[in-house]
Amino acid sequence: MDRTDERYGAYVSILEEELIAAMGCTEPIAIALAAARARELLGAEPARVHVEASGSIIKNAKSVVVPHTGGLKGIEAAAAAGIVAGKPERKLEVIAEVGPDEVRAIAGYLERVPIEVARTDDAVDFDVVVRVSDASDARTALVRIADYHTNIVREELDGEVLHEAPLASEAGTAEGLTDRSVLDMAGIWDFAMTVDLEDVRELLDRQIACNGAVAEEGLAGDWGANIGSVMLGAYGDDVKVRACAMAAAASDARMSGCELPVVINSGSGNQGITVSVPLIVYARELGSSDERLRRALVLSNLVAIHQKTGIGRLSAFCGAVCAGAAAGAGIAYLDGGGYKDACHAVVNALSIVAGMVCDGAKPSCAGKIAFSVNAGILGYVMYRDGQQFYGGDGIVKKGVENTIDSIARLGRDGMRATNDEIIRIMLGS
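In what follows, the accompanying structure is described. (Residues numbered from 1 in each chain as written. Predicted model: local features only at pLDDT ≥ 70, side-chain atom pairs only at ≥ 80, totals over all residues. Heavy atoms only, no water.)

1. Focus on the sheet that holds strand E5 (residues 140-146)
Right, so step 1: Strands sit in the order E3-E2-E4-E5-E6-E7 across an open sheet of 6 strands; the sheet is mixed. If you trace the sheet from one side to the other, it starts and ends with strand E3 (115-119) and strand E7 (160-164), each paired once. Taken pair by pair, the neighbouring strands of this sheet meet at an average axis angle of 15°, ignoring direction.
Right, so step 2: In the sheet, strand E6 (residues 152-157) pairs with E7 via 4 bridges, with the strands oriented antiparallel. Bridging across to E7, Glu156 finds its partner in Val161.
Right, so step 3: In this fold helix H2 (residues 26-42) packs onto strand E2 (48-53), strand E4 (127-133), E5, E6 and E7, with an angle of close to 150° to the strand it touches most, E5.
Right, so step 4: Each of E2 and E3 touches helix H4 (residues 74-85); the most contacted strand, E3, lies at about 125° to it. (Pairing = 2+ DSSP bridges. Helix = DSSP H or I, 4+ residues; strand = E, 2+ residues; numbered from the N terminus. Axes fitted to C-alpha atoms, helices over the stretch in contact; angles between N-to-C directions. Contact = heavy atoms within 4.5 Å.)

And the structure:
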C-alpha cells in the first residue's frame, strides 16, 4: 500500500488517534478529565459534585488505584483528583503532574466535599456526566464525555449550553474519529509491510519506551498480585513465558497506581500493553531489527483495533482477548510467518479464549492478559505446526473476517445481558 491509496492516510490517522499516552486506568482518568474541565468552567473549587456514569464505566473505575492520590481507589478519588490537580488540556494525562501538596489536598477535598455517584440508564455504554456547583448552587457547570475517553460531547455553565456534539449512537460514527470500517486483515497486512515507518515512528517509539518501562517496573516492584514474577518463578524464563509474564507485570503495575504513562490501544492501557510488550520481548529474543519490530507493532495494533471496532470500547467481552490474538499475529510476523500465519494466529487464539469476560479493571486483569497472550502465541504455533481450528468449530467461521464478525456479535450483542449481570454482582444489587 502506498501513499496514493486513500486507505494509507486513514490507517495512519487511526494509529494517531488510538496510540496515545494515558496516566492510569483510562475509565477513572476519563472521570478525572470531565471533573477537571467542569472545575475549569466553574472557575472555582466546587462545593458539590455529582458524577453519573454508565455501568461499564463504574465497573472499570471502582477497583483500581488512581495515580497521584496516595493509593486512593474509585470514582470519587478520580473526580477529586481531577478537580484539585487536573489539567484538562493534558487529556488522558490530566493528572500526570501532581505534587505532594496536591496529593494531600485531594485527600482533604474528599473529606470535606461529598461526591455523589449514580449510574446512568446505560443507553450509552460509555457515558460520564460530572455536575459541579458552588455552595449556594448559584453557579453550576456540567461536562459530559461519551463514546470514547476524551470525547466531550456537552458543556454547560449556569444552565447555558456552551458546546454540544452528537453521540456516535445517534450519528453512526464518533465525531472527530476516522472511519474504522476501512480496516480489514488484508489491508492491515499490506499497510504494515509497506508503510513508510517515518510516518508512524514517533507513535511506535513512544509505545516501545512507555510500555516497556511499565513492564520492567512491574517486575522490579511489588504491584498487585505480581503475576509476572509468579509466572517466571513457576514456569521458567522461556521466551513464551517471558512474553506473557512481562505483559502481566505491566498490567499489575498499572492497575495498582504506577505513576508511569502507558500508550493505549482501543482506549485501554491494558490492551495497549498486550499488543506491544510481548512483541518487544520476542524481538529481543529473535534479534529482530528495529524495522521488523515496528512493522510487527503496526500489524498488532491495527489488528486489535479492527477486532474492537465491532465490539465497542466497553463490553462484557474481555479486551485482552482481542489484544492477545493481535499480539499472536505480530509474533507470527517476527518469527518469519506470512499473512496466512497472522490470520490463523488470530482465528485460533479467538477460538481458545473468546469466552473470557470483563469484570472490571483490577489486578486479575494481569492474569487474563497472560492467558490471552499465551493463546495468541499458541494460535500461531498451531498453524506453523500444521494445526488449526476450522469454520463450523463453535463460533469460528470460514475466513478470518467472518470469524472477527462472529466475535463482534458475541461481544456487542450476545454479552449485553452478561455485562448487566456482572455489574449487578459487582455493585451488590
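2. Structural notes on the packing of aromatic side chains
Right, so step 1: For the coordinates displayed, the defined rule picks out 4 aromatic pairs.
Right, so step 2: Aromatic pair Tyr8 and Phe191: ring centres 5.3 Å apart, planes at 70°, arrangement edge-to-face. Highlighted residues: Tyr8 in helix H1 (residues 6-18) and Phe191 in helix H7 (residues 185-194), separated in sequence by 183 residues. In this pair, the class of Tyr8 matches that of Phe191, namely buried.
Right, so step 3: Arranged with centres 5.9 Å apart and planes meeting at 85°, the rings of Trp189 and Tyr333 form a pair that is edge-to-face. (Phe/Tyr/Trp six-rings, centres within 6.5 Å; stacked < 30°, edge-to-face > 60°. Buried < 20%, exposed > 50% of the residue type's maximum accessible area, 1.4 Å probe, protein only.)

3. Regarding the pairing of E4
Right, so step 1: Taking burial as the measure, the 7 residues of E4 include 6 buried ones, the bulk of the element.
Right, so step 2: In the sheet, E4 pairs with E5 via 7 bridges, with the strands oriented antiparallel. Note that in E5 the partner of Val132 across the bridge is Ala141.

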